Number of protein chains: 2
Amino acid sequence: MSISDRDLARLFSAKRVALIGASANPVKWGSIILSNIRLGHFNGQVFPVNPREKEIQGYKVYPDVASLPDGVDLAVIAVPASVVMETIRECGYKGIPFAIVISAGFREAGNPDKENALVEAARASNVKIVGPNTMGIFSGGTGLHALMPPVRPPVGGFAFLSQSGNIGTQTLALGGINQVGFRYYVSSGNEADLAIHDYLDFFASDPEVKVVGAYIEGVTDGRAFYEAAKRVTGKKPLVIYKSGESMEGARAAGSHCGAMASSPRIFQGALDQAGIVRAYGTEHIVDFARAFLYLPLPKGLRVGIVSWGGGWGVVTTDLCRKAGLQVPRLDQETLEKLDKVLPEYWSRGNPVDLVGSLDLNAHMKALEAVALSPNVDAVLTLGTIGGATLIKNSSGSVFGRALIAAAEAADAAFRERISDLIEKSRKPIIGVSMKNEDLQDGSSSGQRLVVYSSPERGVRAIAAMAKYQSFCKARGLNAWLGNEPAA
Amino acid sequence: MSISDRDLARLFSAKRVALIGASANPVKWGSIILSNIRLGHFNGQVFPVNPREKEIQGYKVYPDVASLPDGVDLAVIAVPASVVMETIRECGYKGIPFAIVISAGFREAGNPDKENALVEAARASNVKIVGPNTMGIFSGGTGLHALMPPVRPPVGGFAFLSQSGNIGTQTLALGGINQVGFRYYVSSGNEADLAIHDYLDFFASDPEVKVVGAYIEGVTDGRAFYEAAKRVTGKKPLVIYKSGESMEGARAAGSHCGAMASSPRIFQGALDQAGIVRAYGTEHIVDFARAFLYLPLPKGLRVGIVSWGGGWGVVTTDLCRKAGLQVPRLDQETLEKLDKVLPEYWSRGNPVDLVGSLDLNAHMKALEAVALSPNVDAVLTLGTIGGATLIKNSSGSVFGRALIAAAEAADAAFRERISDLIEKSRKPIIGVSMKNEDLQDGSSSGQRLVVYSSPERGVRAIAAMAKYQSFCKARGLNAWLGNEPAA
């Protein structure tokens, strides 16, 4: 079955949502999901269904599906597996076009027949199913948190699908820590009906979605997946984290071992051909999403490195080379600019070692020189951001209040300057700070600020951007220019 | 020059420390280092030296080295490079056996002759030098923070050497986040006099040091390094992070390019032969140190996985296989124990998928069954720790106060249980939580609790422990049993 984009738009913008199996018992999922919807400030109406309650959490409760008001877009189903099929049929009678089947106990529990029967019933009833065995969906457009886990992701341009609920939950939580906002999230569950290619097609078509990601354990329709993935990458970056590649992992994922054992290489080939960026962990997904959301793509592989300390410069250079990036020598003009701001014994090379200078103005000037160098396509600035935090957090305040304030002002100015420089140079500039608290920045001036907690993460993100850029260039794609600074 | 252990013991337990170049100007290193020593609650005496001040930060100031009291163990030198040599000679006249030369401007700035002259003068004066171009040392025994950066590492059994000050600072800061306490830290700088093998020898011999780590950019005396490293690994684990391996990285590290280009493989071979565990990043160093400090070594490669969610189980299985670990099927007796606590549709495999159960008692029983299985050498428990934090932090508290309290109590009991199980099973058990705040645990019951924020980190740590264990086994080493639970 193929779903048109229009159809899934209704799922993800549902304004009238029924929760079938709503519960007054706070440790039941039928209560937790209702709380999540309520506390998530859903911009729509919720209709709990439960035959034994009149009111739950202040909502009027309906005794059954038949008595629901008309025009319900979406039913969230959290009833025992044994009555799911019947519930789906009732949704069909009622004209509800979508159902999220939270309930488990189907294919994943060794009951493929039960799942097949469910799908047949759903199709006969004209109800499209998310799941079963799903943790739900999130829509940033309507604020719908139809989710089992009590996570409240920030809203933004990232659309994410996960074939594992707990990997999805972790990714949503990491998004909150790393300033990655979600437009949509779907825990796709067993994908008995709606499958990964349907969601990808919708994410490709929705203009509010700027970057797409997915965690995959297995794909049943490889061709449909590949075609949908290409439709995404023709418009915007697609980041994929795939597991279940070892025999034992495939077994754990419930995939057929023999079929999977030969596939990792084939899968990687397909990913490369479709211009998909590969992630190896949830942190990678979120890191790449952040870079793609906030930064222009590098035009090439040449990285300029500006480091407060020499060690990070060395480490970062090694990492760049291992990742297939270049660390070029700087041009004469840039070297002369740097001569003016650095001590005479500076190494005159790339990485630019700021030799521990406490003069943040020199850091800024050095960064500016490197960012504007014609030899450089992307820049990593290491250690400067976070200096202020380090100073502030030194327990017992080695430094006086005035010094801390000065360091904070310098830090803020430096962050501003990075934003400006990205606009001016049209190149990605990434900060690396030792301190986790620097990863977040709520200020509007931080719009283009991407900061990671290690050189590894920064280099990885540049490599991911460079990979997608080279794909776009090879295909003559100019479609994805969302983050290009205005000329 | 070879240094006997006894000598470095005096350096790291120095009780009478002179700071030459102490300053009243709070943005000078001569002031910041003094603040760090003062606020670090040094269990000894500090004698600032400055010809123009009478008192700084409440300390009596001495006008020159000659007027210092007798019996000074250590001079910290933060004066311009041009007067360092003279200062060292003065230290020699005064009988001060050790000097930390903070001052830069020697070999690293293209002045090898200046450095050679300094070393000659130091040897003629009987002063042993840390550095030059060092960020200082830390001693957990005396609380001496003779450091440029204002970091206050926790005290414990880890001894760490860094050839880069900023990598060292980052590692100290990460130690604070990840419950890794330091016995000693040295930023070894240019290693003009005291070199990595001297420090390693001392770390090997000091019984307070349980685990040793080093960040290395280059080794000048390969043979001495190798022999010292083997003396460490014969007694305790040694973790090494080496950079400067690419041509460009070696250039940045100031190493000779031609010599370095062929060396990574040789270096790796030497590490393997010496039983050294290799780290690729500061996070790895700290993660491995934490595992070695708190856990017994696994007796083999077989990992049992208990996961709250299926996705993490799959991911972790893949990671184990890639790391050369095994994910064996469980024995019949263990399966039967698990049948009693898990829903009947559980997958009866390893990883053990807890299928989202909210019953933490079932989690505990499942973990216990797996930890005691004869088929398993090490255990990863994913998702259970952190459930309470997730619940507590859900903004708007979806869950009521009583539920949160119950979740926290269950979490605390689970952590206790892990400690007990490690004692009982004599196997390493590692927790993985989504939430960073779970990585810390101040309670005494957490002594044996090792928690990481991702499956990647957990698997990596088990692989590191298994590597050292197999080295010890092959060599018949029983020396390192520090973390073996009492029989």
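It should be emphasised that the depicted structure is a prediction, and the values quoted were computed from it without experimental measurement.

### Describing the overall build of chain A
Consideration 1: When helices and strands are counted, chain A shows 17 helices and 19 strands.
Consideration 2: In chain A, which comprises 487 residues, the share counted as buried stands at 62%.
Consideration 3: A total of about 17,700 Å² of accessible surface is found on chain A, and carbon and sulfur atoms cover 51% of it.

### Things to note about the packing of aromatic side chains
Consideration 1: According to the stated counting rule, one finds 28 aromatic pairs over all chains in the structure shown.
Consideration 2: When the ring of F12(A) is compared with that of Y184(A), the centres are 4.9 Å apart and the planes differ by 50 degrees; the resulting orientation is tilted. You can see F12(A) sitting in helix 1 (residues 5–12) and its partner Y184(A) sitting in strand 11 (residues 182–187), a full 172 residues away along the chain. Like F12(A), the residue Y184(A) is buried in the burial classification.
Consideration 3: Ring geometry for F12(B) versus Y199(B): centroids 6.5 Å apart, planes at 75 degrees, classification edge-to-face. Of this pair, F12(B) sits in helix 1 (residues 5–12) while Y199(B) sits in helix 6 (residues 196–205), placing them 187 residues apart in sequence. For the pair shown, F12(B) and Y199(B) are each scored as buried.

### A few points about the sheet that holds strand 6 (residues 98–101) of chain B
Residue and element names in this part refer to chain B.
Consideration 1: Reading across from one edge, 2-1-5-6-7 is the order of the five strands in this open sheet, with parallel pairing throughout. At either margin of the open sheet sits one strand with a lone partner, and together these are strand 2 (45–49) and strand 7 (128–130). For this sheet the average axis-to-axis angle between neighbouring strands, irrespective of direction, equals 20 degrees.
Consideration 2: As defined by bridge partners, strand 1 (residues 16–20) adjoins strand 5 (residues 74–77) across four bridges and the pair is classed as parallel. If you follow I20 over to strand 5, its bridge partner there is I77.

### Concerning the relation of the copies chain A and chain B
Consideration 1: When chain A is brought onto chain B, the operation consists of a screw motion whose angular component is 180 degrees and whose axial shift is 0.0 Å, with 0.0 Å RMSD remaining. Within this description, the copies of the chain are treated as partners about a two-fold rotation axis.
Consideration 2: With an isologous cut-off of 70% or more, the 100% of interface residues of chain A that recur at the interface of chain B puts this contact in the isologous class.

### Remarks on the domain arrangement of chain A
Residue and element names in this part refer to chain A.
Consideration 1: Assigned domains within chain A: domain 1 (5–291) and domain 2 (296–475).
Consideration 2: The C-alpha centroid of domain 2 is placed 38 Å from the C-alpha centroid of domain 1.
Consideration 3: Each partner contributes residues to the interface: domain 1 has 21 residues there, and domain 2 has 17 residues.
Consideration 4: For the pair domain 1 and domain 2, the two sides together bury roughly 1,600 Å², of which 50% comes from carbon and sulfur.
Consideration 5: Our enumeration of links across domain 1 and domain 2 arrives at three salt bridges.
Consideration 6: Taken together, the links from domain 1 to domain 2 amount to 10 residue pairs in polar contact (both at pLDDT 80 or more).
Consideration 7: Of all the elements in the fold, those that place two or more residues in the side of domain 1 that touches domain 2 are helix 5 (165–177), helix 10 (263–273) and helix 11 (282–294).
Consideration 8: With six residues, helix 11 is the single largest residue contributor to the side of domain 1 that touches domain 2.
Consideration 9: Across the side of domain 1 that touches domain 2, the residue classes tally to seven nonpolar, eight polar and six charged.

### Overview of the pairing of strand 11 (residues 182–187) of chain B
When a strand is regular, its side chains alternate between the sheet's two faces.
All names here are of chain B.
Consideration 1: Of all six residues in strand 11, six are buried, a share of seventy percent or more.
Consideration 2: In this structure, strand 10 (residues 155–162) lies alongside strand 11, joined through six bridges in parallel fashion. Paired with V155 across the strands is F182, a residue of strand 11.
Consideration 3: For the crossover that starts at strand 10, traverses helix 5 (residues 165–177) and ends in the parallel strand 11, the hand is right-handed.

### Considering helix 2 (residues 29–39) of chain B
Given 3.6 residues to a turn, an α-helix orients residues that are three or four positions apart in the same direction.
Consideration 1: Of all 11 residues in helix 2 of chain B, nine are buried, a share of seventy percent or more.
Consideration 2: After helix 2 of chain B finishes, the residue H41(B) shows a positive phi value of roughly 60 degrees.

### Some thoughts on the interface of chain A and chain B
Consideration 1: Contacts between the two partners involve 61 residues from chain A, matched on the other side by 61 residues from chain B.
Consideration 2: Together, the buried faces of chain A and chain B total about 5,000 Å²; carbon and sulfur atoms form 61% of this surface.
Consideration 3: When contributions to the side of chain A that touches chain B are tallied by element, the ones reaching two or more residues are helix 2 (29–39), helix 5, helix 8 (247–252) and helix 12 (310–322) of chain A.
Consideration 4: Ranked by residues supplied to the side of chain A that touches chain B, first place goes to helix 12 of chain A with nine residues.
Consideration 5: Tallied by class, the residues present in the side of chain A that touches chain B amount to 27 nonpolar, 24 polar and 10 charged.

### Quick notes on the packing of helix 3 (residues 84–94) of chain A against helix 4 (residues 112–124) of chain A
Residue and element names in this part refer to chain A.
Consideration 1: At their nearest, the axes of helix 3 and helix 4 sit 9 Å apart, and the two run at 10 degrees to each other. By the angle between their directions, the pair helix 3 and helix 4 is classed as roughly parallel. Contact residues: helix 3 offers V84, M85, I88 and R89, while helix 4 offers A117, L118, A121 and A122.
Consideration 2: For the contact of helix 3 with helix 4, the residue count by class is seven nonpolar, no polar and one charged.

### With respect to the sheet that holds strand 15 (residues 303–307) of chain B
Residues and elements named next belong to chain B.
Consideration 1: Across the sheet, five strands lie side by side as 16-15-17-18-19; this open sheet has parallel pairing. In this open sheet, the two strands that pair with only one neighbour each are strand 16 (352–353) and strand 19 (450–452).
Consideration 2: Relative to strand 17 (residues 378–382), strand 15 runs parallel, the two being bridged by five bridges. Across the sheet, the residue bridging to V306 is T381, located in strand 17.

### What to know about the side chain of S425(B)
All names here are of chain B.
Consideration 1: As for its position among the elements, S425 is in helix 16 (residues 401–425).
Consideration 2: Judged by its relative accessible area of 12%, S425 is buried.
Consideration 3: Within polar-contact distance, the side chain of S425 engages the backbone oxygen of L421 at 2.7 Å.
Consideration 4: Those residues in contact with S425 that sit more than four places away from it in its chain are A371 and L372.

### As for the confidence of the model for chain A
Residue and element names in this part refer to chain A.
Consideration 1: This prediction gives chain A a mean pLDDT of 88; 89% of its residues lie at or above 70.
Consideration 2: The low-confidence segment residues 256–262, where pLDDT is below 50, has seven contacts with residues more than four positions distant or belonging to other chains.
Consideration 3: Within the model, the stretch residues 441–446 combines pLDDT values under 50 with seven contacts to residues more than four positions away or in other chains.
Consideration 4: Here the predicted complex carries an ipTM of 0.84, next to a pTM of 0.88.

### Observations concerning the pattern of salt bridges
Residue and element names in this part refer to chain A.
Consideration 1: One pass over the structure, following the stated rule, counts 30 salt bridges over all chains.
Consideration 2: Between R107 and E115 there is a salt bridge; the shortest N-O distance is 3.1 Å.
Consideration 3: In this structure R107 comes out as partly exposed when scored by relative accessible area, which is 43%.
Consideration 4: With a closest N to O distance of 3.0 Å, R223 and E227 form a salt bridge.

### Quick notes on unusual backbone geometry
Consideration 1: In the segment running from G131(A) into P132(A), the intervening peptide bond is cis, with an omega of -5 degrees.
Consideration 2: Tracing the chain through its elements places P132(A) in the loop between strand 7 (128–130) and strand 8 (136–139).
Consideration 3: Residue P351(B) follows N350(B) across a cis peptide bond; omega there is 10 degrees.
Consideration 4: Among the structural elements, P351(B) can be located in the loop between helix 13 (332–341) and strand 16.

### Quick look at empty space enclosed by the protein
Consideration 1: The final tally for this structure, using the stated rule, is one cavity of 30 Å³ or more.
Consideration 2: Forming the walls of the largest cavity are W312(A), V315(A), P455(A), E456(A), I167(B), Q170(B), Y241(B), G281(B) and T282(B).
Consideration 3: For the lining of the largest cavity, the secondary-structure elements that each account for two or more residues are helix 12 and helix 17 (455–475) of chain A together with helix 5 of chain B.
Consideration 4: Grouping the amino acids of the lining of the largest cavity by side-chain chemistry returns five nonpolar, three polar and one charged.

### Focus on the pairing of strand 6 (residues 98–101) of chain A
Residue and element names in this part refer to chain A.
Consideration 1: Neither face of strand 6 is open: one carries F98 and I100, the other A99 and V101, and all of them are buried.
Consideration 2: Bridge analysis of strand 5 (residues 74–77) against strand 6 gives four bridges, and the strand direction is parallel. Along strand 6, the bridge assignment pairs A75 with A99.
Consideration 3: What joins strand 5 to strand 6 is helix 3, and the crossover it makes is right-handed.
Consideration 4: Examined bridge by bridge, strand 6 and strand 7 share three bridges and lie parallel to one another.

### Focus: the environment of P51(A)
Residues and elements named next belong to chain A.
Consideration 1: Tracing the sequence through the fold places P51 in the loop between strand 2 (45–49) and strand 3 (55–56).
Consideration 2: Taking relative accessible area as the criterion, P51 reaches 60% and is therefore assigned exposed.
Consideration 3: Each C-alpha atom of the pair P51 and V61 lies 8.3 Å from the other, and the pair is 10 residues apart in sequence.

Conventions used here
Residues numbered from 1 in each chain as written. Chains lettered and ligands numbered in written order. Predicted model: local features only at pLDDT ≥ 70, side-chain atom pairs only at ≥ 80, totals over all residues. Heavy atoms only, no water. Helix = DSSP H or I, 4+ residues; strand = E, 2+ residues; numbered from the N terminus. Buried < 20%, exposed > 50% of the residue type's maximum accessible area, 1.4 Å probe, protein only. Areas by Shrake-Rupley, 256 points an atom, 1.4 Å probe, with all protein chains shown as cover. Phe/Tyr/Trp six-rings, centres within 6.5 Å; stacked < 30°, edge-to-face > 60°. Pairing = 2+ DSSP bridges. Axes fitted to C-alpha atoms, helices over the stretch in contact; angles between N-to-C directions. Least-squares fit on C-alpha atoms with pLDDT ≥ 70 in both. Contact = heavy atoms within 4.5 Å. Domains from an automatic or database assignment. Buried area = accessible area lost by both parts, 1.4 Å probe. Salt bridge = Lys/Arg side-chain N within 4 Å of Asp/Glu carboxyl O. Polar contact = N/O pair within 3.5 Å; in protein donor to acceptor, adjacent residues only side chain to side chain. Nonpolar A, V, L, I, M, F, W, Y, C, P; charged D, E, K, R; others polar. Right-handed = clockwise from strand over helix to strand, strands pointing away. Parallel < 35°, antiparallel > 145°, perpendicular 65-115°, else oblique. pLDDT = per-residue confidence, 0-100. 1 Å grid on protein atoms, 1.4 Å probe; cavity = no way out; pocket = protein on both sides within 12 Å on 5 of 7 lines; lining within 4 Å. Points joined across faces, edges and corners; volume = space filled by probe spheres on them.

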